[in-house]
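Each chain, written out:
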Amino acid sequence: EVFDTQSVSGDFPTRLITGVGDNGDGTLWLGSVDAEICHFDPAQKRCVDFYQKAPGMVEGPVTNLVLAAPDRPYYTTDGNGYSAFDGSQWRAFSVPGQEISGNRIKALALDEDKSLWVATDAGVQRLVGGKATVFDVENSGITPFAVRTLQAGAGGGMWVGGSQGAGFFDGKEWANFTGA
C-alpha cells in the first residue's frame, strides 16, 4: 500500500522521507527532508501527530531519524544540529555551546545502552550523560567525512560505514575493515 499526500488524511510529509522509526506499536515516525515529523498510523491512514517548525525543532535538511524509545524521536540535519522529542516538547541541539561537535550530521544510531551516536564532519561521536566522546582519525582510524552510516552491533558495539570501508567499536577498541 502506498501512503502519500493524496491517500492520507490530514497533514503528511510533502517531500523526500529521510528517516523512519518503528514505534513498536504498529505506528511509525517519519521525517522529511524539510523537517516535517509525522507520527504515522497506517491503520488510520493519517499522522496522529505532525510537527513542523515547532519550538525546539531545528531546520532541515533532515538527514536521519531514530527513536530513543517509543514516542521519543531524534532527527539530525545537514548543517543545523539535531532535535529530540521528549514526548511533549522538542529540544534543539546545535553547535556552538552544545553537546556535539559539528552541525553537519550525516548519520545517527542508538547503541544497546541507548547512547546516541552521531557522525559529523568532526568525527563519530558517542553521547553519554550529556558529554560527547569524539572518534576521529587519530584515536580510531576513522576518517570523519567518509562516514555515512551507523548501526548498533552485538555486545553494545557500533558499526560505522562509508566511502573508505567499515569499522567496529567493541566498547574499548576499533577494528577497521577496508577493501584491498
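Residues numbered from 1 in each chain as written. Predicted model: local features only at pLDDT ≥ 70, side-chain atom pairs only at ≥ 80, totals over all residues. Heavy atoms only, no water.

Draft legend 1. Up close: the sheet that holds strand S2 (residues 28-32). The sheet built from four strands is open, its strands ordered S1-S2-S3-S4 with antiparallel pairing. Where the open sheet ends on each side, the last strands, each with one partner, are strand S1 (17-22) and strand S4 (46-51). Pairwise comparison of adjacent strand axes, ignoring direction, gives a mean angle of 20 degrees for this sheet. Relative to S2, S1 is paired through five bridges, and the arrangement is antiparallel. The residue of S2 that forms the bridge with Ile17 is Ser32. (Pairing = 2+ DSSP bridges. Helix = DSSP H or I, 4+ residues; strand = E, 2+ residues; numbered from the N terminus. Axes fitted to C-alpha atoms, helices over the stretch in contact; angles between N-to-C directions.)

Draft legend 2. Local environment of the pattern of salt bridges. Applying the stated criterion across every chain yields a total of four salt bridges. Across the salt bridge formed by Asp34 and Arg15, the nearest N and O atoms sit 3.0 Å from each other. Taken together, the positions of Asp34 in the loop between S2 and strand S3 (37-41) and Arg15 in the segment before S1 put the pair 19 residues apart, joining distant regions of the chain. Its relative accessible area of 31% is what places Asp34 among the partly exposed residues. Classification of Arg15 by relative accessible area gives exposed; the value is 51%. Of the charged contacts in the structure, one is a salt bridge between Arg126 and Asp113, with a shortest N-O distance of 3.5 Å. In this pair, Arg126 sits in strand S11 (residues 123-128) while Asp113 sits in the loop between strand S9 (105-110) and strand S10 (116-120), placing the two residues 13 residues apart along the sequence. In this structure, a network of salt bridges that share partners links the residues Asp111, Asp113 and Arg126. (Salt bridge = Lys/Arg side-chain N within 4 Å of Asp/Glu carboxyl O. Buried < 20%, exposed > 50% of the residue type's maximum accessible area, 1.4 Å probe, protein only.)

Geometric descriptors of this kind do not, in isolation, establish any biological role.
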